[in-house]
Amino acid sequence: MITCEGLVKIYKTADLEVFALQGLDLHVENGELMAIIGNSGSGKSTLLNMLGGLDRPTAGKLFVVGQDMLNFKERDLVRYKRNTVGFVWQNNARNLVPYLTAQENVELPILLTGRRRRERAKELLDAVGLKHRAGNKLYQLSGGEQQRVAIAIALANEPKLLLADEPTGSVDSRMAGGILDLFRELNRTIGLTIVIVTHDPELAKKVERVAAIRDGKISSELLRRRSYAEELAELEQSEAGEAHVEYAIVDKAGRLQVPPGYLESIGVRNSNKVRVELEDGRIILLPPDL
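So, on to the pairing of strand S3 (residues 33-37). Look at any regular strand and the pattern is simple: side chains alternate between the two faces of the sheet. Counted residue by residue, S3 has four buried out of five residues, so it is predominantly covered. Bridging between S3 and strand S8 (residues 193-198) involves five bridges; their strand directions are parallel. Bridge pairing in S8 places Leu-33 opposite Ile-194. Two elements, S3 and strand S9 (residues 209-214), share four bridges in a ladder whose sense is parallel. In the sheet register, Ile-36 faces S9, and the bridge partner there is Ala-211.

Put into C-alpha cells, the structure is as follows:
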C-alpha cells in the first residue's frame, strides 16, 4: 500500500532550511491498521501530509497503491485525493460545516461522484453508528459523534487508504476508545488500510503495529505479539504478558537509532559514543570508557 524509501522533506524560509524528514523508510501493507508516534517536530504530520497528497517530498521515493507520487502533476494529485485517500483531522472545523446536519455534511463530498448522495450518506452514517442522528446539527452532537461524522465523510469516496491526524485529540478517553473501535471495525470488515498519527501512547498500544519517528526518521517499531482481541481475553483472565515487542530500525548504511531511555539506562547521557562488542552472536552496546 505504501512504500517510502529515503524520503526527504526540506522547508525553506528566507535563508533557513529545515529538514522535516531526513531519509525516512517505511513500508505499510495493504489492509494494515498502524499508528505513527513521535514528539512535536519529529516529522510525523509532514509524513501524513505527503501521504495525503497535501505536500510534496523534496527527494526519495514515495509510492501509494503503486502510484509514484514524486512524479504527480497537479491533476494527478486532485485525482489521487478524490479517489484514493480519505483524511480525518483532529480539528472538527476542518472536517465539518457547522450549519449543516450530519447527513448534509456527509452528502457534500458525494456530490462529486454523481451518485445518489442521500442513500449513500445514510449508509455511511449507519456504518459509523449515527443513523439515528442524521438530522441533527453539529451543536447537537457530542465531540465523539462529530468525529464519527468526520470519519463517514472520509469514507464517502470509498478510499483505499484512510489517514487520521490525532483523531482522538479533542475527545475524552471513553470516546477515544469508541473511535478506535470504529477504526478497527472498518479495518476488519472492509479491509481498509488505516494510518493514525498520534502522540497518545495509550491509543498506540491498541493497534497491531506502531512506528516511532525521531529526527525525521523511523527510529523504532513495535509489533503486537497477539491480536488486540486476544490480549483483552487474556486481561480478563489476568494472564496477559508483554503486549508488544520493540524493534530498532537499521537503515541501509547500517545506522541504528537507539531509544534515549535505553541509552540512559546504561549510563550514556552526555556522549554521542558507545562501545560496541560482538559476543555469542549478539551485538552489545556499552557506555564509553572513561
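Next up on the list: the side chain of Thr-84. Considering the arrangement of structural elements, one finds Thr-84 in the loop between helix H2 (74-83) and strand S6 (85-88). When residues no more than four places from it in sequence are discounted, the contact partners of Thr-84 are Val-65, Gln-67, Arg-79, Pro-159, Lys-160 and Leu-161.

This part takes up the nonpolar core. Val-106, Leu-125, Val-149, Ile-151, Phe-183 and Ile-196 are the most contacted members of the largest nonpolar core, which has 36 residues in total. When residues in this core are grouped by element, the largest group, six residues, is from helix H5 (residues 143-154). Contacts of Phe-183, omitting those with residues within four sequence positions, involve Ile-151, Leu-162, Ala-164, Pro-167, Ile-194 and Ile-196. Counting 30 residues, the second-largest nonpolar core is a separate cluster that includes Cys-4, Val-64, Phe-72 and Leu-161.

Reading guide: rules and limits
Residues numbered from 1 in each chain as written. Predicted model: local features only at pLDDT ≥ 70, side-chain atom pairs only at ≥ 80, totals over all residues. Heavy atoms only, no water. Buried < 20%, exposed > 50% of the residue type's maximum accessible area, 1.4 Å probe, protein only. Helix = DSSP H or I, 4+ residues; strand = E, 2+ residues; numbered from the N terminus. Pairing = 2+ DSSP bridges. Contact = heavy atoms within 4.5 Å. Core = buried A, V, L, I, M, F, W, Y, C linked by side-chain atoms within 4.5 Å.

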